[in-house]
Amino acid sequence: MIISVASGKGGTGKTTVATNLALSMDRTVQFLDCDVEEPNAHIFLKPQIEQRKSVGIPVPEVNEEKCTHCGKCQEICAFNAIAVIKNKVLIFPELCHGCGGCSLLCPEKAIREVDKEIGIIQIGKVGPIEFINGKLNVGEAMSPPLIRTVKKSIANGKIAIIDAPPGTSCPVIESIKNSDFCILVTESTPFGLNDLILAVEVVKKLEIPFGVIINRFDIGDDKVDLYCKENEIPILMLIPFDMEIASLYSRGIPMVQEKKEYTTKFLDMFKLIENLRQQKAKEK
Amino acid sequence: MKQMVVISGKGGTGKTVLTASFAAMTKNAVIADCDVDAADLYILLHPEVKERHNFSGGKTAVVNMDKCSQCAKCIEVCRFNAIRKNGKGVIIDPISCEGCAVCFYVCPEGAIRMEENLSGEWFISDTKYGPFVHAKLGVASENSGKLVTIVRQSAKLIAEKENREMIIIDGPPGIGCPVISSITGTDAVLVVTEPTLSGVHDMVRVIELAGHFKIRTFVVINKYDLNTEMTEKIEDYCQKNGIDLAGKIMYDVRVTKAIVNRKIVVECSDGEITQQIKSVWEVLQNELK
């Protein structure tokens, strides 16, 4: 089963939920940090990294001897990554999506693809948790190919917990796609509600069953709660604002380590998620 | 005219609250919300929308089943696993499709066409703080970087036309495509961080990003009193790396209360926190003159 943890708004507690859920589980789980732009889960889980692999995407390289500057590659590139000027082909690798169109369609066979590193993935262990994260190189724009590589580690039959990036666009879609359940973490403010509504639209479009965690529920208003009730969205957990939790977070200490009562809360939530999934399956 | 963008790496450190506060303290700026994925600034600025524009962020491949001969050439060339076969023909998953059109070019039957996506909207609005350009990316859409570029171009045109001194940009979290589009060509980046290990980790990565594009960088430590030891570490880091510290802002529950009332904190209180935000804004204004 794949459980992803997402949110429209950043800083609502995705990593807190994902890491503490993983640490509360009474069995082996895989943990995948798909927030490759700003991965933070390792700060809390402190895994022993055993393997590092470079991840690249194929980008074009032009053989100027064969090139006739016909301009076909520029014409077909949907991402403006190629410009043909006078007697030169300019390539902008940061814009390339690695679709392979230019090398496939070049009439002179003058383009070959070379690998360009966009980041790394790191694989390790901490207790019964198999840890995998991706780290995008600074200056690289394209995170989805790296997220896809991180997700290749997902093994059948295991429980995989995915820590997704904030937002609602491509990196988020790539991270939560094919999940069996998505936990949306929000906070009880107009910002939290606005971005929760967007995130709900995304998970609905992807047809992923989901529920909501309201973090710091007691320092805002009750509109998130009302929205969830009106739309029959299950509330999986309420986490209060707590100086102790904030302080543990600031030092990279998972809350379940110091506040044992949360282990049970996260385990109960996992059971609730399993029940919700079974219900959904029956409905189908 | 100067352009300043507020970013953070990590989400939820206070970008939008600070951007709105600066907007409230300045008279002659254009404000732009470039966090098009999760645009929240409008909640505090109460814009009156003057212009609406559709945004088309790319194309998606669509199959004409009558023409498809099921040769599966498209499946072979698609790098994004967006195409699969079913009994009757091929099916393209619009969410996985990147719009590269390689399938369209190789299909021997001419059975694939590329359709324009409606991927969102962008707006030019009036607010009591000045003109405001903002956007809404469509659900599960791509190309947020392109939408960011459109928002910035529009803000720049308005600033030039109305002779405004500054464009204040609310940036997205992360370091990827929409962030790069938000910061390239600006005069300064303000990194909002918080004294947590995650905040610091992410701050270092955005500072590197700004350095990569050679943009002048300032740091502000928000909620600095939540962990003073970590705050000192951030100050040390800034000093060692030649980054200007624009100031420190305390944790104050009034910030959340102001958001709940859809108000900007500096307009609700004249307390210590407002003074701290004012002082950050003065530093930035002086440095950017």
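Up top you'll find the structure we're talking about.
Residues numbered from 1 in each chain as written. Chains lettered and ligands numbered in written order. Predicted model: local features only at pLDDT ≥ 70, side-chain atom pairs only at ≥ 80, totals over all residues. Heavy atoms only, no water.

1. Structural notes on the sheet that holds strand E1 (residues 2–6) of chain A
Residues and elements named next belong to chain A. Spelled out, the test is: A pair of strands counts as paired when DSSP detects no fewer than two bridges linking them. Only DSSP runs of H or I with at least four residues qualify as helices, and only runs of E with at least two residues qualify as strands; both kinds are numbered from the N terminus onward. Axis lines are fitted through C-alpha atoms, for helices just across the contact stretch, and the angle between N-to-C directions can take any value from 0 to 180 degrees. Residues are treated as being in contact if the distance between any of their heavy atoms lies within 4.5 Å.
Strand order in the open sheet made by the nine strands is E3-E6-E7-E2-E8-E1-E9-E10-E11, with mixed pairing throughout. Edge positions in the open sheet fall to strand E3 (48–62) and strand E11 (235–239), since each of these has one partner strand only. Shown here is a sheet whose adjacent strand axes are inclined to one another by a mean of 20°, direction ignored. Sheet topology note: the E1/strand E9 (residues 181–187) ladder contains four bridges and is parallel. Across the sheet, serine 4 pairs through a bridge with cysteine 182, a residue of E9. This element, helix H8 (residues 223–230), spans E9, strand E10 (210–215) and E11 of the sheet and lies at about 165° to E10.

2. Quick notes on the sheet that holds strand E9 (residues 130–137) of chain B
All names here are of chain B. Taking strand neighbours across the sheet as the criterion, the nine strands line up as E3-E8-E9-E2-E10-E1-E11-E12-E13 in an open arrangement whose pairing is mixed. Edge positions in the sheet fall to strand E3 (48–55) and strand E13 (244–249), since each of these pairs with one other strand and no more. Shown here is a sheet whose adjacent strand axes are inclined to one another by a mean of 20°, direction ignored. Pairing between strand E12 (residues 216–222) and E13: five bridges, direction parallel. Paired with phenylalanine 218 across the two strands is aspartate 244, which belongs to E13. Contacts between helix H7 (residues 197–212) and the sheet are confined to strand E1 (2–7), strand E11 (188–193) and E12, with E11 contributing the most and set at about 170° to the helix. Lying over the sheet, helix H8 (residues 228–240) contacts E11, E12 and E13, oriented at roughly 170° with respect to E12.

3. Comments concerning the interface of chain B and chain A
Think of interface size as the accessible area that goes away when the parts come together; that is how it is often given. Basically, it comes down to this: Values labelled buried area give the accessible surface lost by two parts on being combined, using a 1.4 Å probe and summing over both. Salt bridge criterion: a side-chain nitrogen from Lys or Arg within 4 Å of a carboxyl oxygen from Asp or Glu. Any pair of nitrogen or oxygen atoms within 3.5 Å is treated as a polar contact; in protein, a donor-acceptor pairing is required on top of that, and neighbouring residues in sequence qualify only through side-chain atoms on both sides. Under the scheme applied, nonpolar residues are Ala, Val, Leu, Ile, Met, Phe, Trp, Tyr, Cys and Pro; charged residues are Asp, Glu, Lys and Arg; polar residues are all the others, including Gly.
Of the residues lining the interface, 58 residues belong to chain B; the matching set on chain A comes to 60 residues. In total, chain B and chain A occlude about 4800 Å² of area from one another, counting both sides; carbon and sulfur atoms represent 62% of this. When the area that chain B buries against chain A is broken down by residue, the three leading residues are B:Arg79, B:Val139 and B:Arg205, summing to 13%. Summed over the shared surface of chain B and chain A, the result is two salt bridges. The interface formed by chain B and chain A includes 24 residue pairs in polar contact (both at pLDDT 80 or more). Elements with a minimum of two residues in the side of chain B that touches chain A: helix H1 (15–25), helix H2 (41–45), helix H4 (102–106), E9, helix H6 (177–183), H7 and helix H9 (253–260) of chain B. At nine residues, the largest contribution of residues to the side of chain B that touches chain A is made by H7(B). When grouped by side-chain class, the residues that make up the side of chain B that touches chain A number 29 nonpolar, 17 polar and twelve charged.

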